[in-house]
Amino acid sequence: MVIKFSNVTKKFNSQITAVSDVNFEVKGGEFVFIVGPSGAGKSTLLRLLARESLPSSGNIFIDDIDITKIKHKDLPQFRRKIGVVFQDFKLLDDRTVFENVALALEVRNFGSNEIHKEVERMLKLFEIWERRNLFPNQLSGGEAQRTAIARAMIGKPDLLLADEPTGDLDPQTSWGVIQLLNEINSWGTTVLMATHNAEIVNTLKRRVISMKNGKLVKDTREGRYETH
Ligand code: ADP
């Protein structure tokens, strides 16, 4: 898959331009960090790509399809191609680990045998099988994030969007999450991760897109994230 942002601007009102005339291209299988201070426009960029929001102007292409033109009724199908993870996990509190991950397949009308097989495979792969009957508030932050990543990946999306996935985690747990994202990327999944964790960015030496005040200010291979 190829992603292309072409002159993308997102204004929330006359004062706030969250994303300002942004252009970039990402090739299938890339791992890209989106960095920049709080309020730089990172989350807005990812939300635009997930079609949770529409740009004020400009176009966003995935494999030559302009996703800004996708009709409302076709959005669920489009979103199946994309996995999304957040800083605060967004797990359902009244469902177990197993049920949270299974839900992603239930809405796609998979049969129960297949759901069980796939969820088991995913939870074992992400080392949370032992936690399958616990509820989100009984999990550590790392386990909750691994559950959220399992949920995002169970439909085998081509693209994973991660918005500050290590934001609330301690350094060691953060590294576990990053290793997992790296592994997912090694399967061929394109990964875009918004973060302001300079240590992670500078250790991984992947492509870095830097945002500031809504503008894309730097785009470097094996980039570094200078916070000052
Ligand atoms: P980041 O993820 O880099 O912290 P955001 O994309 O969340 O930045 O925000 C960029 C700018 O857009 C900020 O000024 C923020 O306050 C504003 N913004 C984000 N979402 C909304 C919204 N729904 N309504 C109004 N302003 C918003």
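Now for a quick tour of the structure. What you see is a predicted model, and the numbers here were worked out from it, not measured in a lab. Position numbers for residues count from 1 along each chain, tracking the sequence in the order it is written. Two thresholds apply to this predicted model, a pLDDT of at least 70 for residue-level local features and 80 or more for giving and counting side-chain atom pairs, whereas whole-chain, interface and lining totals are computed over all residues. Each side-chain value is derived from all of the structure's non-hydrogen atoms; neither hydrogens nor water enter the calculation.

1. Overview of the sheet that holds strand β10 (residues 215-220)
The cut-off we apply is this: By this definition, two strands are paired if DSSP reports at least two bridges between them. Where helices and strands are cited, they refer to DSSP runs of H or I of at least four residues and of E of at least two residues respectively, numbered from the N terminus. To define axes, lines are fitted to C-alpha atoms, for helices over the stretch in contact only, and angles between the resulting N-to-C directions are given on a 0 to 180 degree scale. In this description, contact between two residues means that some pair of their heavy atoms is separated by no more than 4.5 Å.
Pairing in this open sheet of six strands is mixed, and the strands run β6-β7-β8-β3-β9-β10 from one edge to the other. Looking at the sheet topology across the chains shown, the edges are occupied by β6 (82-86) and β10. Averaged over all pairs of adjacent strands, the angle between strand axes in this sheet comes to 15°, irrespective of strand direction. Examined bridge by bridge, strand β3 (residues 31-35) and strand β9 (residues 207-212) share four bridges and lie parallel to one another. By the bridge assignment, V32 is partnered in β9 with R207. The strands that helix α1 (residues 42-49) touches are β3, β6, β7 (159-163), β8 (190-195) and β9; relative to β7, the one it contacts most, it runs at about 150°. Across the sheet, helix α5 (residues 141-153) lies against β6 and β7, angled at about 165° from β6, the strand it touches most.

2. Structural notes on the layout of surface pockets
Note the threshold: Both site types are read off a 1 Å grid over the protein atoms alone. A 1.4 Å probe that fits but cannot get out defines a cavity, while an open set with protein on both sides within 12 Å along at least five of seven lines defines a pocket; lining residues have an atom within 4 Å of a point. Grid points are joined across faces, edges and corners, and a volume is the space filled by probe spheres set on the points.
A volume near 620 Å³ is recorded for the largest pocket. R79, I82, V84, A104 and R108 are the residues nearest the centre of the largest pocket, which is lined by 18 residues in total. Going through the elements one at a time, α2 (75-79), β6, α3 (97-106) and α5 are the ones with two or more residues in the lining of the largest pocket. If one sorts the elements of the lining of the largest pocket by residue count, β6 sits on top with four residues.

3. Some points on the sheet that holds strand β2 (residues 17-26)
If you trace the four strands from one edge of the open sheet to the other, you get β2-β1-β4-β5, paired in antiparallel fashion. Sheet topology places β2 and β5 (65-66) at the edges, where each strand pairs with a single neighbour. Where strand β1 (residues 3-11) lies against strand β4 (residues 57-62), five bridges are found, and the strand directions are antiparallel. By the bridge assignment, I3 is partnered in β4 with I62.

4. Some words on the side chain of Q145
Note the cut-off: Remark: exposure states derive from per-residue accessible area (1.4 Å probe, protein chains only) relative to the maximum for the residue type, with buried under 20%, exposed over 50%, and partly exposed in between.
Within the secondary structure layout, Q145 lies in helix α5. Overall, the relative accessible area of 0% leaves Q145 in the buried class. Contact partners of Q145, with chain neighbours within four places excluded, come to V85, F86, Q87, F89, P165, L169 and V177.

5. Some thoughts on the site of the ligand
Applicable threshold: Only a single heavy atom is needed: when it lies within 4 Å of a molecule or strand, its residue is near that molecule or strand. Whenever a nitrogen or oxygen atom comes within 3.5 Å of another N or O atom, the pair is scored as a polar contact, on the condition that within protein one atom can donate a hydrogen and the other can accept it, and that pairs from neighbouring residues in sequence are kept only if both atoms are in side chains. To measure how exposed things are, a 1.4 Å probe is used in the Shrake-Rupley method; for residues, cover is taken only from the protein chains shown. In this count, Pro and Cys sit with the nonpolar residues alongside Ala, Val, Leu, Ile, Met, Phe, Trp and Tyr, while Asp, Glu, Lys and Arg are called charged and the others, Gly among them, polar.
Within the structure, the ligand sits among F12, I16, A18, P37, S38, G39, A40, G41, K42, S43 and T44. In this structure, an oxygen atom belonging to the ligand sits 3.0 Å away from a main-chain N or O atom of G41. Here the ligand loses 59% of its free accessible area of 560 Å² to cover by the protein chains. With three residues, α1 is the single largest residue contributor to the shell around the ligand. Class assignment of the residues belonging to the shell around the ligand gives a composition of five nonpolar, five polar and one charged.

6. Quick look at the packing of aromatic side chains
Each pair of aromatic rings is reported with the distance of its centres and the angle of its planes. For clarity, the cut-off: Note on ring pairs: Phe, Tyr and Trp rings are taken, using the six-membered ring of Trp, and paired if centres are within 6.5 Å. Classes follow the plane angle, with under 30 degrees stacked, over 60 edge-to-face and the rest tilted. Counting as a charge over the ring demands two things of the Lys NZ or Arg CZ atom: a distance within 6 Å of the ring centre and an angle within 35 degrees of the ring normal.
Per the counting criterion, the structure on display carries four aromatic pairs. Measuring from ring centre to ring centre gives 6.4 Å for F126 and W187, while their planes differ by 15°; the resulting arrangement is stacked. One end of the pair, F126, is in the loop between α4 (112-125) and α5; the other, W187, is in the loop between α6 (171-186) and β8, with 61 residues separating them in the sequence. Sitting over the ring of F86, K90 keeps its end group 5.0 Å from the ring centre. Cation over ring: R132 sits above W129, and NZ or CZ is 4.0 Å from the ring centre.

7. Notes on a negative patch on the surface
For clarity, the threshold we go by: Here a patch means residues that are over 30% exposed by relative accessible area and free of salt bridges, tied together within 9 Å if like-charged and within 5 Å if nonpolar (Val, Leu, Ile, Met, Phe, Trp, Tyr). For this document, the term salt bridge refers to a Lys or Arg side-chain nitrogen within 4 Å of an Asp or Glu carboxyl oxygen. His is not counted, nor are the chain ends, whereas Lys and Arg count as positive and Asp and Glu as negative. In plain terms, the charge of a residue is placed at NZ if it is Lys, CZ if Arg, CG if Asp and CD if Glu.
A cluster of like negative charges, contributed by D93, D94, E99 and E106, occupies part of the molecular surface. With respect to the helices, strands and loops of the structure, E99 is situated in helix α3.

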